[in-house]
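Below, each chain spelled out in residue letters.
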Amino acid sequence: MTAAAQVRPARPEEAAALATLMERTFRDAFGAANTPGDLALHCRTHYAPDIQAAELADPAFSTLVADLGGSLAAFAQLQSGETPAEVAGADPIQLARFYVDQAWHGRGLAQQLMAAALAAARARGARTVWLGVWEKNPRGIAFYRKEGFREVGMFDFFVGTDRQRDFIMARPLD
């Protein structure tokens, strides 16, 4: 089991630390399956500190972090906005990012973070949560299924210039 993590909203002054965590967890999860150039392009255009600062200030986003004694170990990011037609549930919100640092895999932190993310989605008025997960990510797919998500469609996701396919998964919040 994990140490008692405090799951809380990310703070504006944590933009650089959050960007570092985001890039590290993305590279850990998908680095071996992508070219270095595409991986670098994706990280540069999604996880820079200024990008995270802008997302933390944007009301369309809610970013939660798992804080273990002042060290960020995981994060989840909700994003309101455009929803794929395949997501049929009422009042949807996207779980746009959900990552746990490798050192904390298998220790219960993901379940704690997911519970907090779903509670935050409810607090924002959502009744449905949806996400995209790479079709070649069996660990992620299995975790989301255990958390009540079901496949409802597919969409294209780019890592750099590489077009990949993601499952769209959704679950009600009832």
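Described in the following lines is the structure provided in the data block. (Residues numbered from 1 in each chain as written. Predicted model: local features only at pLDDT ≥ 70, side-chain atom pairs only at ≥ 80, totals over all residues. Heavy atoms only, no water.)

**Describing helix 5 (residues 138-146)**
Piece 1. All of the buried residues along helix 5 are G140, I141, F143 and Y144. One side of helix 5 holds all its buried residues, which, seen down the axis, span an arc of 165°. For helix 5, exposure combined with an orientation more than 90 degrees from the buried face picks out P138, R139 and K146.
Piece 2. The first or second residue beyond helix 5 is G148, which carries a positive phi of 95°. (Buried < 20%, exposed > 50% of the residue type's maximum accessible area, 1.4 Å probe, protein only. Helix = DSSP H or I, 4+ residues; strand = E, 2+ residues; numbered from the N terminus. Arc of directions from axis to C-beta.)

**Digging into the packing of aromatic side chains**
Piece 1. Within this structure, the stated rule accounts for seven aromatic pairs.
Piece 2. Geometrically, the ring pair formed by F143 and Y144 is edge-to-face, given 5.6 Å between the ring centres and 65° between the ring planes. (Phe/Tyr/Trp six-rings, centres within 6.5 Å; stacked < 30°, edge-to-face > 60°.)

**Some words on the nonpolar core**
Piece 1. Among the nonpolar cores identified, the biggest contains 31 residues, and L95, F98, L109, M114, V129, Y144 and F149 are the most heavily contacted of them.
Piece 2. For this core, the secondary-structure elements that each account for two or more residues are strand 2 (61-68), strand 3 (71-79), strand 4 (92-100), helix 4 (109-123), strand 5 (128-134) and helix 5.
Piece 3. If one sorts the elements of this core by residue count, helix 4 sits on top with eight residues.
Piece 4. Apart from the residues within four sequence positions on either side, Y144 is in contact with F98, M114, L131, V133, F149 and M169.
Piece 5. Core analysis: the second largest hydrophobic core is formed by 14 residues, A10, L18, F26 and Y99 among them. (Core = buried A, V, L, I, M, F, W, Y, C linked by side-chain atoms within 4.5 Å. Contact = heavy atoms within 4.5 Å.)

**What to know about the pattern of salt bridges**
Piece 1. Evaluated as defined, the whole model comprises 10 salt bridges.
Piece 2. The shortest N-O distance in the salt bridge between D67 and R8 comes to 2.9 Å. In this pair, D67 is assigned in strand 2 and R8 in strand 1 (residues 6-9), connecting sequence segments 59 residues apart. Neither residue differs from the other here; D67 and R8 are each classed as buried.
Piece 3. The partner of E14 in a salt bridge is R11, with the nearest N and O atoms 3.9 Å apart.
Piece 4. In this structure, a network of salt bridges that share partners links the residues R8, R11, E14 and D67. (Salt bridge = Lys/Arg side-chain N within 4 Å of Asp/Glu carboxyl O.)

**Observations regarding helix 1 (residues 15-30)**
Piece 1. End to end, helix 1 covers 22 Å across 16 residues, agreeing with the expected 22 Å (1.5 Å per residue, within 8%).
Piece 2. Buried residues of helix 1: A15, L18, A19, L21, M22, T25, F26 and F30, and no others. Viewed along the axis of helix 1, the buried residues span an arc of 165°, placing them on a single side of the element. (Expected span 1.5 Å × (residues − 1).)

**Focus: the packing of helix 1 against helix 2 (residues 36-46)**
To characterise two packed helices, one gives the angle between the axes of the helices and the distance between these axes.
Piece 1. One way to put it is that helix 1 packs onto helix 2 with a least axis distance of 10 Å and a crossing angle of 155°. With respect to their mutual orientation, helix 1 and helix 2 come out roughly antiparallel. Read as a crossing pair, helix 1 and helix 2 show a hand that is right-handed. Contact residues: E23, F26, R27 and F30 in helix 1; L39, A40, H42 and C43 in helix 2.
Piece 2. For the contact of helix 1 with helix 2, a count of residues per class yields five nonpolar, one polar and two charged. (Axes fitted to C-alpha atoms, helices over the stretch in contact; angles between N-to-C directions. Parallel < 35°, antiparallel > 145°, perpendicular 65-115°, else oblique. Left-handed = near helix turned anticlockwise from the far one by under 90°. Nonpolar A, V, L, I, M, F, W, Y, C, P; charged D, E, K, R; others polar.)

**As for the packing of helix 1 against helix 3 (residues 49-57)**
Piece 1. Where helix 1 contacts helix 3, the two axes come as close as 8 Å, and the packing angle between them is 115°. Looking at the two axes, helix 1 sits roughly perpendicular to helix 3. Read as a crossing pair, helix 1 and helix 3 show a hand that is right-handed. Every residue of helix 3 that contacts helix 1 at A15, A16, L18, A19 and M22 is listed here: P49, Q52, A53 and L56.
Piece 2. Of the residues assigned to the contact of helix 1 with helix 3, the class counts are eight nonpolar, one polar and no charged.

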